[in-house]
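If you want the building blocks of each chain, they are given just below.
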Amino acid sequence: ARRDEALAKRTKLLASRATSCAYRVKRAIAVAAATREHARQTQSATKCNLEAKLEAAAARRAEARAEEKQRAPLVPPMWRGTAGPAHAAAPSSQPAPSDGGAPASPDGRSASERLLSEVESEWAAADDDADAQRIQAWMRRPETIETARAWLEEVGCDPRAGRLLLGLVYMAREAARLFCDSSEDKSMAREAKRFHKRLLAALKTGEADDFPEDLRRARRFHAAWLAVDKPKVVGCLVDSLVARRAEQAAPRVPNEAGAAVPSLSASADETLEMIRRLGGAEAEAEAREAERRAGEMAHVRAEDLATHVGKVAKRAFWDAVQERLRGGDFECAFGLLGEMQKAMLALVAHSAKAREELADKFDAAWLKQQADNGALELGSVTNLMKYVASTIAAWQAPADEPEARAWVESVEAVAAAAVAERADLGAFIGDHLAPFLARAHELIGRIYERLVAMQQEADGEAAAAEAAA
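This part is about the overall build of the chain. Along its length, the chain carries 17 helices and zero strands. Considering the chain as a whole, with its 469 residues, one finds that 32% of them fall into the buried category. Within the chain, contacts between residues separated by at least 24 positions form 66% of all contacts whose residues are at least 6 apart in sequence. Only carbon and sulfur atoms are counted for the fraction: they give 55% of the accessible area of the chain, which is about 28800 Å².

Right under this line is the structure:
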């Protein structure tokens, strides 16, 4: 009887387990189906949104081309004030326009001839830093800009793109200096070189029917590249400004006239102007504040100067990022998250399993896609912050682990409070994401420093052992 009772209990337990397993399998299948359906809907919505944007852009281009054809030819800016019916009837000492209808310069050359001559001469110049500065000065000259605008107007393009044309020529010539190995920079470098070839072909042959489309294509590439590159460029410009100001922090020596040497050089003023153009008035204000702080570092020892400058520049950069996030501009956050994801993947490049786990739980592109479609939730952001913080802390050296663990606990406390209070997603990102990213980048950099030091130590021991042998 006991055996039968035990057998009945075992049978009942097995049946219960089978039922439980069947439920879990059914639940997993349902979750997988729901996930696939959600992904399909998200992909469909993204595709529809993209198609709508492309159609709207195509309609705008078609309207612009139609208006361009109907619009009467404009007088190039460099000749305004001299054209008009009364002037045309009066005797003039100016050279007559060329057969193509474009006004000639006082030396008798058309805008295309002048632009071709100058572009070719600047391209063939020596390849050194001094010559690069001279080319930049050539690009900024009003006569150069007016020549570019006049030729663009000749071929039916917007003359306001004169600066862009010269900038693309400069990018093509200085690609090795201007661009790094990122995918965005490589793409922009290829497009700049392609645009330069198309420009030379149009100038030499006089056949520029397709050039407006080439310019529109280059403008799109340039706008996409700027969206990613602007935060990096602003950070580099702030770094250079702070470093220059720190070098000037020593006591100033009066000049021969007895006046103090100015605190800012012309190059510093130009740097601030570039920062203002790229990042706006707020970025310029942040850069000026960083420069002011650097001016207070005269008491810093020479051997600590580089470290101090780096800290000031980083603080100014992250302050600027936080201001942008608080203003609702989240594009820079996704770029920084993508860079951090690449850095973390590089640290586990030796382990396929670790890379797969990291890529599964930390996908900056997926977060951006959710945000673009209005599907990003507070829980997704807090979970990512907790996962990234715990992962980075687990990679720290024993000497750095207590500090990292304290940071993880603070991140978890902030995330838990936000979820409990059902905080607004935009406000949470504006207040907490920039400090989190700054600390995460710092700790990842510390891991790299430790690894480099270990490798150098191992190389030194190997060299010593080889010498002893």
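Looking now at the pattern of salt bridges. Opposite charge on two side chains permits them to pair, given that their charged atoms come into close proximity. For the structure shown, the criterion picks out 24 salt bridges. The salt bridge partner of Asp 400 is Arg 450, with a shortest N-O separation of 2.8 Å. Linking Asp 400 in the loop between helix H15 (378-394) and helix H16 (401-421) with Arg 450 in helix H17 (residues 425-468), this pair joins segments that are 50 residues apart in sequence. For Asp 400, a relative accessible area of 6% puts it in the buried group. Under the relative-accessibility criterion, Arg 450 is labelled partly exposed at 38%. Note that Arg 439 and Glu 403 form a salt bridge whose closest N and O atoms lie 2.4 Å from each other. With Arg 439 in helix H17 and Glu 403 in helix H16, this pair connects stretches of sequence that are 36 residues apart. Among the residues examined, Arg 439 registers a relative accessible area of 16% and is labelled buried.

Of all residues in the chain, 79% have pLDDT values of 70 or greater, and the mean over the chain is 76. The low-confidence segment residues 71-104 (pLDDT under 50) makes 33 contacts with residues lying over four places distant or belonging to another chain. With pLDDT under 50 throughout, residues 250-266 is counted as low confidence; its partners more than four residues away or in other chains account for 14 contacts.

Turning to empty space enclosed by the protein, a few remarks are in order. Tallied over the entire structure, the rule returns two cavities of 30 Å³ or more. When its volume is computed, the largest cavity comes out at roughly 130 Å³. Along the walls of the largest cavity sit Phe 330, Ala 333, Phe 334, Leu 337, Leu 367, Leu 376, Val 381, Leu 384, Met 385, Ile 429, Leu 433 and Phe 436, which together make up its complete lining. For the lining of the largest cavity, the residue count by class is twelve nonpolar, no polar and no charged.

This part covers the nonpolar core. Met 340, Phe 362, Val 388, Ile 392, Trp 407 and Phe 436 are the most contacted members of the largest nonpolar core, which has 45 residues in total. Only helix H11 (305-326), helix H12 (331-347), helix H14 (364-372), H15, H16 and H17 provide two or more residues apiece to this core. Ranked by the residues each element gives to this core, the list is headed by H17, at twelve residues. Leaving out residues up to four positions away in the same chain, Met 340 has contacts with Phe 362, Val 388, Leu 437, Ala 440, His 441 and Ile 444. If you look at the next biggest cluster of nonpolar residues, it comprises 39 residues, including Trp 151, Ala 161, Leu 164 and Ala 202.

It is worth spelling out the packing of aromatic side chains at this point. Evaluation of the coordinates by the stated rule reveals four aromatic pairs. These aromatic residues form a ring-pair network of at least three members: Trp 151, Phe 195 and Phe 211.

Moving on, we come to the side chain of Thr 42. Residue position: Thr 42 is located in helix H1 (residues 2-70). Those residues in contact with Thr 42 that lie beyond four places of it in its chain are Gln 369 and Asn 373.

Definitions and cut-offs
- Residues numbered from 1 in each chain as written.
- Predicted model: local features only at pLDDT ≥ 70, side-chain atom pairs only at ≥ 80, totals over all residues.
- Heavy atoms only, no water.
- Helix = DSSP H or I, 4+ residues; strand = E, 2+ residues; numbered from the N terminus.
- Buried < 20%, exposed > 50% of the residue type's maximum accessible area, 1.4 Å probe, protein only.
- Contact = heavy atoms within 4.5 Å.
- Areas by Shrake-Rupley, 256 points an atom, 1.4 Å probe, with all protein chains shown as cover.
- Salt bridge = Lys/Arg side-chain N within 4 Å of Asp/Glu carboxyl O.
- pLDDT = per-residue confidence, 0-100.
- 1 Å grid on protein atoms, 1.4 Å probe; cavity = no way out; pocket = protein on both sides within 12 Å on 5 of 7 lines; lining within 4 Å.
- Points joined across faces, edges and corners; volume = space filled by probe spheres on them.
- Nonpolar A, V, L, I, M, F, W, Y, C, P; charged D, E, K, R; others polar.
- Core = buried A, V, L, I, M, F, W, Y, C linked by side-chain atoms within 4.5 Å.
- Phe/Tyr/Trp six-rings, centres within 6.5 Å; stacked < 30°, edge-to-face > 60°.

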